[in-house]
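# Coordinate analysis (summary)
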Amino acid sequence: MTDTLHSEVLTGGVEQRRQLVTEVPGPASRAWQARKVTAVAAGIGTTLPVYIERAGGGILVDADGNHLIDFGSGIAVTSVGNAAPEVVARVQHQVAQFTHTCFMVTPYAGYVEVCEALNRLTPGSYEKRSALFNSGAEAVENAVKIARRFTGRDAVVVFDHAYHGRTNLTMAMTAKNMPYKDGFGPFAGEVYRAPMSYPFREPAPISGAEAAARAISMIEKQIGADRTAAVVIEPIQGEGGFVVPAAGFLPALSAWCTAHGVLFVADEVQSGFARTGAMFACEHEGVVPDLVTTAKGIAGGLPLAAVTGRADVMDSVHGGGLGGTYGGNPIACAAALGAMATIEQHDLVGAARRIESVMVPRLQALAAKYPQIGEVRGRGAMLAIELVELGTTTPNPALAAALSAATHQAGLVTLTCGTYGNVLRFLPPLVIPADLLTEGLDILETAFATVTAA
Ligand SMILES: Cc1ncc(COP(=O)(O)O)c(C=O)c1O
């Protein structure tokens, strides 16, 4: 293996070396955190309160000068790396030209170019249209609006363990109560939850086709196909635990949707843009959605989101029915064009596959040594381990938290997720240098030894 996983290290000028000069968090970060507590609403949590001053490639540099290895990418956002050169150059150019006009008032080229790129890159060779928004939740909300308008139906089907956002409608669509929904209801109506294919947690093995039949039966009996506007699903679930449905589940659902005039909406907010070793995770199973929602990795860290899909569906909405003041902001669009160019020019789809080929054998070796790892799963650079009590499938969130904390102390940023909080997930930037990837895995291995010995 060479020392890079892609054609060139995109470092953003940051030295690609882990280095701890204080404990984590150090005194400067602790001082900021003390100010945070008195200035920022308590509901805004922080996973690892190190205050970042610079970042690039696979490294985050904090206020104390610690260089931390990044296995989080700001929750799957900086796939092209922080401050990726093509993003920086285009943003700098754009910000000096103009910062905002509102596309709905006096439009500009960048918005159109982003929509053209999305129409080209998303699955499906049919004619498409796109609309741009600010966040993943906003994209999901708009996909539901569009689906209801096109079909004239109300019901929306989502799945166990789903995460679609924190607005009122997307809270209704999100499965997990704490911390996302608790005390925030009542929630939007006409949202129905179907059983997911979660192979590790099935009481008995069941195929993807059988799991789809189970979900379809629920939809037909409890809602009715002719009342259902859309089935909205993450092809690989993100916050719910990096759940990869059994092979055949997504194609069977998609086929049922097509047969019944129900729109199949792929929420690729977390799994999109090369993250899983395909441009979009749907492609792993040849599924072509009617609508795709995207955000996160789309713009190298600037806030942008989109709904892309069939032209007849997208264009069914009356003029002025979609939009928002900031949606498709010119600077975010410039960043997106830079991020998409970086993904294509540097073959970051291939980089994600190479990350998988390095990480999965190491994680499987860990699983062989530590039976508390119930499952290693994911695709590309969207990988996770599910932690259980020894000899059972009982979730072990305490172990996930302890491992995550131990990696943080050692200068590796990891995140947890999962309905049961027992999944440790790995989302390195796709431009991470190979030696940092290996060092991160070494830190994880040491964390296992330390935490399980305690
Ligand atoms: C699959 C999925 N959909 C929607 C969202 C919401 O995106 P945002 O936080 O940008 O609103 C997320 C965020 O994690 C997500 O993972």
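See the structure above.
The present account deals with the structure reproduced in this document.

The rules behind each value
Residues numbered from 1 in each chain as written. Predicted model: local features only at pLDDT ≥ 70, side-chain atom pairs only at ≥ 80, totals over all residues. Heavy atoms only, no water. Helix = DSSP H or I, 4+ residues; strand = E, 2+ residues; numbered from the N terminus. Rg over C-alpha atoms; globule rule 2.2 N^0.38 Å. Buried < 20%, exposed > 50% of the residue type's maximum accessible area, 1.4 Å probe, protein only. Contact = heavy atoms within 4.5 Å. Areas by Shrake-Rupley, 256 points an atom, 1.4 Å probe, with all protein chains shown as cover. Lys, Arg positive; Asp, Glu negative; His and termini not counted. Charge placed at Lys NZ, Arg CZ, Asp CG, Glu CD. Near = heavy atom within 4 Å. Polar contact = N/O pair within 3.5 Å; in protein donor to acceptor, adjacent residues only side chain to side chain. Nonpolar A, V, L, I, M, F, W, Y, C, P; charged D, E, K, R; others polar. Salt bridge = Lys/Arg side-chain N within 4 Å of Asp/Glu carboxyl O. Core = buried A, V, L, I, M, F, W, Y, C linked by side-chain atoms within 4.5 Å. Disulfide = S-S within 2.5 Å. Pairing = 2+ DSSP bridges. Axes fitted to C-alpha atoms, helices over the stretch in contact; angles between N-to-C directions. Right-handed = clockwise from strand over helix to strand, strands pointing away. Expected span 1.5 Å × (residues − 1).

## A look at the overall build of the protein
- The number of helices and strands found in the protein is 13 helices and 15 strands.
- Its C-alpha atoms give the protein a radius of gyration of 21 Å, within 12% of the compact-globule value 22 Å for 454 residues.
- A principal-axis box enclosing the C-alpha atoms of the protein has dimensions of 60 × 60 × 50 Å.
- Residues counted as buried form 55% of the 454 residues belonging to the protein.
- Summarising the internal contacts of the protein: among those between residues at least 6 apart in sequence, 75% fall at separations of at least 24.
- Accessible area of the protein: about 17400 Å², with a carbon and sulfur share of 55%.
- For the protein, the separation between the mean place of its 32 positive charges and that of its 41 negative charges on side chains is 3 Å.

## Quick look at the site of the ligand
- Near the ligand you find S135, G136, A137, Y163, H164, G165, E234, E239, D267, V269, Q270 and K296, and these make up its full shell.
- For the ligand, an oxygen atom lies 2.8 Å from a polar atom in the backbone of G136.
- For the ligand, an oxygen atom lies 2.9 Å from a polar atom in the side chain of Q270.
- Grouping the constituent residues of the shell around the ligand by class yields 3 nonpolar, 5 polar and 4 charged.

## Description of the side chain of R153
- Turning to its location among the elements, R153 is positioned in the loop between α5 (136-151) and β5 (155-159).
- No salt bridge forms around the buried R153; measuring N to O, its nearest opposite-charge neighbour D226 is 6.7 Å away.
- A distance of 2.9 Å separates a polar atom in the side chain of R153 from the backbone oxygen of T228.
- Of the polar contacts made by the side chain of R153, one reaches the backbone oxygen of G261; its length is 3.2 Å.
- Setting aside its immediate chain neighbours within four residues, R153 contacts R148, A225, D226, R227, T228, A229, H260, G261 and V262.

## Topic: the nonpolar core
- Counting residues in hydrophobic clusters, the biggest one holds 68 residues, and the most contacted among them are V114, L132, L387 and F448.
- With 10 residues, helix α11 (residues 348-369) is the single largest residue contributor to this core.
- Other than its neighbours up to four places away in sequence, L132 contacts Y111, V114, C115, L118, L304, A305, A306, G327, G328 and C333.
- The next biggest cluster of nonpolar side chains, apart from the first, holds 30 residues, and it includes Y192, A194, A225 and V231.

## Comments concerning the pattern of salt bridges
- Evaluation of the coordinates by the stated rule reveals 18 salt bridges.
- Salt-bridge contacts for E86 lead to R90; the nearest nitrogen and oxygen are separated by 3.1 Å. Taken together, the residues E86 and R90, both in helix α3 (residues 85-97) and 4 residues apart, mark about one turn of the helix.
- A relative accessible area of 28% means that E86 is categorised as partly exposed.
- Of the residues examined, R90 reaches a relative accessible area of 32% and is grouped as partly exposed.
- E202 is paired through a salt bridge with R214; the nearest N and O atoms lie 2.9 Å apart. Of the two residues, E202 is situated in the loop between β6 (191-194) and α7 (208-222) and R214 in helix α7; the sequence distance between them amounts to 12 residues.

## Remarks on the state of the cysteines
- All chains considered together, the criterion is met by 0 disulfides.
- The structure places no disulfide on C257, whose sulfur is separated from the nearest cysteine sulfur, that of C282, by 11 Å.
- Overall, the relative accessible area of 1% leaves C257 in the buried class.
- Look at C282 and you get buried, because its relative accessible area is 2%.

## Brief notes about the sheet that holds strand β1 (residues 52-56)
- Taken in spatial order, the 4 strands of this open sheet run β1-β2-β3-β13, and their pairing is mixed. Every interior strand has two partners, whereas the edge strands, β1 and β13 (412-413), have only one.
- Pairing between β1 and strand β2 (residues 59-62): 4 bridges, direction antiparallel. Bridged to R54 within β2 is V61.
- Against the sheet, helix α13 (residues 434-453) contacts β2, β3 (67-70) and β13, and its axis sits at roughly 90° relative to β3.

## A short note on the sheet that holds strand β7 (residues 228-233)
- Strand order in the open sheet formed by 7 strands is β4-β10-β9-β8-β7-β5-β6, with mixed pairing between adjacent strands. A strand with exactly one partner marks an edge of an open sheet, and here the two such strands are β4 (128-133) and β6. Sheet twist, expressed as the mean angle between neighbouring strand axes with direction ignored, is 20°.

## Observations concerning the pairing of strand β9 (residues 291-294)
- In β9, alternate side chains face the same way, and those of L291 and T293 on one face and V292 and T294 on the other are all buried.
- Relative to strand β10 (residues 305-310), β9 runs antiparallel, the two being bridged by 4 bridges. Its bridge partner being in β10, V292 is matched across the sheet by T308.

## Concerning the pairing of strand β8 (residues 263-267)
- Among the 5 residues that make up β8, 5 are buried, leaving the element largely enclosed by the rest of the structure.
- The pairing of β7 with β8 spans 4 bridges and is parallel. Each bridged residue has a counterpart across the sheet, and for A230 the counterpart in β8 is L263.
- Once you follow β7 into helix α8 (residues 249-260) and on to β8, the crossover reads as right-handed.
- As defined by bridge partners, β8 adjoins β9 across 3 bridges and the pair is classed as parallel. Looking at β9, one finds that A266 is bridged to V292.

## Focus: α3
- For α3, with 13 residues, the first-to-last C-alpha span of 19 Å sits near the 18 Å given by 1.5 Å per residue.
- Where α3 is buried, its residues contact α10 (330-345).

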